[in-house]
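# Inside the fold
Below, each chain spelled out in residue letters.
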Amino acid sequence: MTKEELLNATDLFLLDLDGTVYLSDTPIVGVGETLHKLRTMGKQLVYLTNNSSRTRAEYEEKLTRLGLFGTGDDVYTSALAAASFLEKRYAGAAVYALATDAVRAELIRCGVRLTEEKPEICLLAYDTQITFAKMKRFNEFLAAGAVYVATHPDDVCPTDGVSMPDVGSFIALFERSSGRRPDVICGKPYSVMGECIGQKYRVPAARTCMVGDRMHTDIRFGNRSGMKTLLVLSGETTRQSMRSFPDTPDLVLPDLTKIF
Ligand SMILES: [Mg+2]
């Protein structure tokens, strides 16, 4: 697919964050102008991240500070997808959430009923304030048979130094301790997030394009969800390494600014 064909076929761009619009705290050079041009063409922009350690408002603040957030833009995280999933499938259920204080407050605002005792659901988010006491309780609730929902599967979270353990690493830990694997994983590449996006923004998957730098999350997610996919080589993936994955993106560009 050419970039002109991709632009003509897309009303909603889902934009991964790190490696796609910025690297850590530095915007990809020129990407602000590219995003502005997409907005003036009438394209809707939604930043889509698996990282469930921060709230929508915290991401909006960061994107605004970096000059990347514009009128009409939105942010959607795997924690919001989990809240939407719980509301649809387990409305009113008591949930024990391993999550940061800010994300716990966001889950409550989304209507999730949090509890510290006898939950029907255990929700594993990216809790960068995790303690052993929290892990012990989570493990006990898993062993007692609570439905197990994880926000996303990423093993590590990229950072300037050594990558940090992310939710996938905690999934492995709780598998060793409880024998349980998540019953549902919400974030990229899984379908829950795609279904939530379709319902929230009311744009058909065929008119949606997922833009990202990771083959096994961003591109697999877009392909599985029936969306267009644009791989940018400004982050994790190279032209060599992309060949070792089963998915094929519709378009590959050095970075998002090359869409024009
Ligand atoms: Mg990324």
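Here the structure is a predicted model, which means the values were calculated and not measured.

## Some remarks on the sheet that holds strand S1 (residues 12–15)
Two pairing modes exist for strands in a sheet, parallel and antiparallel, and in both the strands are linked by backbone hydrogen bonds. In spatial order, the strands read S5-S4-S1-S13-S14-S15; together these 6 strands make up an open sheet with parallel pairing. Each having just a single partner strand, strand S5 (74–77) and strand S15 (251–253) make up the two edges of the open sheet. The sheet shows a mean angle of 25° between the axes of neighbouring strands, direction not considered. The pairing of S1 with strand S13 (residues 208–212) spans 4 bridges and is parallel.

## Overview of the sheet that holds strand S12 (residues 184–185)
The strand order S7-S6-S8-S9-S12 describes an open sheet built from 5 strands, whose pairing is parallel. If you trace the sheet from one side to the other, it starts and ends with strand S7 (113–114) and S12, each paired once. In this sheet, S12 lies alongside strand S9 (residues 147–150) in parallel orientation, the contact comprising 2 bridges. Within S12, the position partnered with valine 149 by the bridge is valine 184. On top of the sheet, helix H4 (residues 78–89) reaches strand S6 (94–98), strand S8 (121–124), S9 and S12; it is set at about 165° to S8, its chief contact.

## Some points on the layout of surface pockets
The computed volume of the largest pocket comes to approximately 680 Å³. Lining of the largest pocket is provided by 32 residues; of these, Asp18, Tyr22, Asn51, Cys157 and Pro158 occupy positions nearest its centre. Residues of the lining of the largest pocket, tallied by class, amount to 9 nonpolar, 11 polar and 12 charged. Built from parts of two domains, the lining of the largest pocket gets at least three residues from each of domain 1 (3–50 + 188–259) and domain 2 (79–185).

## Things to note about the pairing of S9
Pairing of S8 with S9 involves 4 bridges; the strand directions are parallel. Bridging across to S9, cysteine 122 finds its partner in tyrosine 148. Following the chain from S8 across helix H6 (residues 132–143) to the adjacent parallel S9, one finds a crossover that is right-handed.

## Considering the domain arrangement of the protein
Its domain assignment divides the protein into domain 1 (3–50 + 188–259) and domain 2 (79–185). One C-alpha centre belongs to domain 1, the other to domain 2; they are set 26 Å apart. Taken residue by residue, the interface counts 12 residues in domain 1 and 12 residues in domain 2. Around 980 Å² of area is buried between domain 1 and domain 2 when both sides are counted, 55% of it from carbon and sulfur atoms. The interface formed by domain 1 and domain 2 holds 1 salt bridge in total. For arginine 214, the salt bridge is made with aspartate 154, and the minimal N-O distance between the two is 2.6 Å. For the pair domain 1 and domain 2, the number of links is 5 residue pairs in polar contact (both at pLDDT 80 or more). The residue makeup of the side of domain 1 that touches domain 2, split by class, is 5 nonpolar, 4 polar and 3 charged.

## A short note on helix H7 (residues 167–178)
Given a rise of 1.5 Å per residue, 12 residues ought to cover 16 Å, and the 16 Å separating the end C-alpha atoms of H7 matches this to within 8%. Taken together, the buried positions of H7 are Val167, Gly168, Phe170, Ile171 and Phe174. Buried residues of H7, seen end-on, are gathered within an arc of 155° and therefore sit on one face of the element. Glycine 179 occupies a position one or two residues after H7 and carries a positive phi of about 75°.

## Description of the pattern of salt bridges
Enumeration according to the criterion identifies 21 salt bridges in this entry. When the shortest N-O distance is used, the salt bridge between arginine 207 and aspartate 11 registers 2.9 Å. Here the residue arginine 207 occupies a position in the loop between helix H8 (191–201) and S13, and aspartate 11 occupies one in the loop between helix H1 (3–8) and S1, the gap between them amounting to 196 residues. For arginine 207, a relative accessible area of 29% gives the class partly exposed. Assessed through its relative accessible area of 32%, aspartate 11 is described here as partly exposed. The partner of glutamate 61 in a salt bridge is arginine 65, and the shortest N-O contact between them spans 3.6 Å. With glutamate 61 and arginine 65 both in helix H3 (residues 56–65) and 4 residues apart, this pair spans about one turn of that helix. Its relative accessible area of 47% is what places glutamate 61 among the partly exposed residues.

## Overview of the coordination of the magnesium ion
Distances from the magnesium ion to its protein donors, namely Asp16 (OD), Asp18 (O) and Asp213 (OD), fall within the range 2.1 to 2.2 Å. Mapping the donors of the magnesium ion onto the primary sequence yields the spacing D-x1-D-x194-D. Of the two residues, aspartate 18 sits in the loop between S1 and strand S2 (22–23) while aspartate 213 sits in the loop between S13 and helix H9 (215–224), which places them 195 residues apart along the sequence. Looking at aspartate 18, the relative accessible area reads 28%, which means it is partly exposed. For aspartate 213, a relative accessible area of 6% corresponds to the buried category.

About the cut-offs
Going along each chain's sequence as written, the residues are numbered from 1 onward. Only residues with pLDDT of 70 or above have their local features reported here, since the model is predicted, and side-chain atom pairs are shown and tallied only from 80 upward, although totals for entire chains, interfaces and linings are computed over all residues. Heavy atoms from the whole structure form the basis of all side-chain values; hydrogens and water molecules are not counted. Think of it this way: DSSP has to see at least two bridges between two strands before they count as a pair. Here a strand is any run of E in DSSP of at least two residues, a helix any run of H or I of at least four, and the numbering for each starts at the N terminus. Between N-to-C directions, angles cover 0 to 180 degrees, with each direction set by a line fitted to C-alpha atoms, over the stretch in contact for helices. Should any heavy atoms of two residues lie within 4.5 Å, those residues are counted as being in contact. Of the grid points, spaced at 1 Å and generated over the protein atoms alone, those admitting a 1.4 Å probe that cannot get out make up cavities, while open sets with protein on both sides within 12 Å along at least five of seven lines make up pockets; any residue with an atom within 4 Å of a point is treated as lining. Grid points are joined across faces, edges and corners, and a volume is the space filled by probe spheres set on the points. All residues other than Ala, Val, Leu, Ile, Met, Phe, Trp, Tyr, Cys, Pro, Asp, Glu, Lys and Arg, Gly among them, are scored as polar; the first ten of these are nonpolar and the last four charged. The domain limits used here are those given by an automatic or database domain assignment. Clockwise travel from the first strand over the helix to the second, with the strands pointing away from the viewer, marks a crossover as right-handed. As a working definition, buried area equals the accessible area (1.4 Å probe) given up by two parts on being put together, with both sides summed. Any Lys or Arg side-chain nitrogen located within 4 Å of an Asp or Glu carboxyl oxygen qualifies as a salt bridge. In the analysis that follows, any N or O atom pair within 3.5 Å is treated as a polar contact, provided that within protein one partner can donate a hydrogen and the other can accept it, and provided that, for residues neighboring in sequence, both atoms belong to side chains. Expected helix span is computed as 1.5 Å times (number of residues minus one). Burial classes follow relative accessibility: with a 1.4 Å probe on protein chains only, a residue under 20% of its type's maximum area counts as buried, one over 50% as exposed, and anything between as partly exposed. The directions from the helix axis to the C-beta atoms form the arc being described. Metal coordination here is assigned from N, O and S atoms located within 2.8 Å of the ion, or within 3.2 Å for Na, K and Ca; omission of water means that sites may look incomplete.

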